[in-house]
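Here is what each chain is made of, one letter per residue.
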Amino acid sequence: MNEIERAFVVETRSDVEPHLARAVRCTALRQGYVAIDDPGGGHVEVRVRSTDDQHLLTVKGGVGLTRTEVEVPIDAAQASALWPLAGDRVIEKLRYTVPLDTAPNTGVVEVEIDVYSGRFAGLVMTELEFADAATAMAFEPPPWFGTEVTDDARWGNANLARHGRRVLVRVHDGARARVDGLDDERNALRVRRVLGGQQVLGDPRRRLVVQQLQRDAPGDRHGLGQAYQRMLAESEGQPGIGA
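Undergrad: Give me the confidence of the model for the protein chain: which residues, what numbers.
TA: Averaged over the protein chain, the pLDDT score is 75; the fraction of residues at 70 or greater is 65%. Note on residues 169-224: pLDDT under 50 across the span, and 131 contacts to partners over four residues away in sequence or across chains. Predicted confidence is poor over residues 235-243, with pLDDT under 50, and the contacts of this stretch with residues over four places away or in other chains come to 27 contacts.

Structure, rendered in structure tokens:
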């Protein structure tokens, strides 16, 4: 079956606090990725997920708005047998289910707000599932949802678990710069070029693309330098969203 879903990264925890208070459910999720593959530029993952009273084995395929998803329940013993295969590819989060009253014509009545913990503490994401792609594309997200990452596979939980967290960094005058390709804590960030453009080169296996720095501090090299130094310090410290 298909899963049709849009995903967003919340800029700060304070943006969602009023909505968390309206949650009708809060579920602690722990999920481990037993296998991940990217055949022919696609994506396939096998995941085990555990809550207090349920264990599920899920296979997902594809990237973007519409993905294949098959999910089957397993018992506690089966889940225990699979968990060691995930290694450190583990995600832990609280999932808040919140009524949504801003999309009366889309059939969407709930949004899921995921507040991550453990290795990804500070990250907050919102997700919505839709009945069809047309409805999904017609949906207008409220500003507090944050930055959409539906088509960016690097923000998928499997890739977060595999490669480490990514960050949206707040910079000069409260504007935002987006940092793509950030290595996780096991890889040293080696910056080779600081200013003079929007691209910053680091580890040869990764590239950091810093957007908006020039726009946020036009003609102000001091302000631009401060913004970049703050971005670099936060990136090295891995503070993440809502720090």
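Undergrad: Could you give an account of helix α2 (residues 76-86), naming the residues involved and the relevant values?
TA: Three or four residues apart is the spacing at which side chains of an α-helix point the same way, because the helix has 3.6 residues per turn. Listed as buried for α2 are Ala79, Trp83 and Ala86. End-on, the buried residues of α2 take up no more than an arc of 55 degrees, which puts them together on one face. Pointing more than 90 degrees away from the buried face of α2 are the exposed residues Ala77, Ala81 and Pro84. Looking at the buried side of α2, the elements it contacts are β2 (25-37), β3 (44-50), β4 (55-61), β5 (66-74) and β6 (90-99). Of the residues trailing α2, glycine 87 is marked for its positive phi of about 60 degrees.

Undergrad: So, the pattern of salt bridges: which residues are in play, and what are the values?
TA: A side chain with one charge can pair with a side chain of the opposite charge if their charged atoms come near. The full count for this structure, using the stated rule, is 14 salt bridges. Of the charged contacts, one joins lysine 93 and aspartate 114 as a salt bridge, the two residues approaching to 3.0 Å between their closest N and O atoms. Note that lysine 93 is positioned in strand β6 and aspartate 114 in strand β7 (residues 110-116), a separation of 21 residues in sequence. Assigned by exposure class, lysine 93 and aspartate 114 land together as buried.

Cut-offs used in this document
- Residues numbered from 1 in each chain as written.
- Predicted model: local features only at pLDDT ≥ 70, side-chain atom pairs only at ≥ 80, totals over all residues.
- Heavy atoms only, no water.
- pLDDT = per-residue confidence, 0-100.
- Contact = heavy atoms within 4.5 Å.
- Buried < 20%, exposed > 50% of the residue type's maximum accessible area, 1.4 Å probe, protein only.
- Helix = DSSP H or I, 4+ residues; strand = E, 2+ residues; numbered from the N terminus.
- Arc of directions from axis to C-beta.
- Salt bridge = Lys/Arg side-chain N within 4 Å of Asp/Glu carboxyl O.

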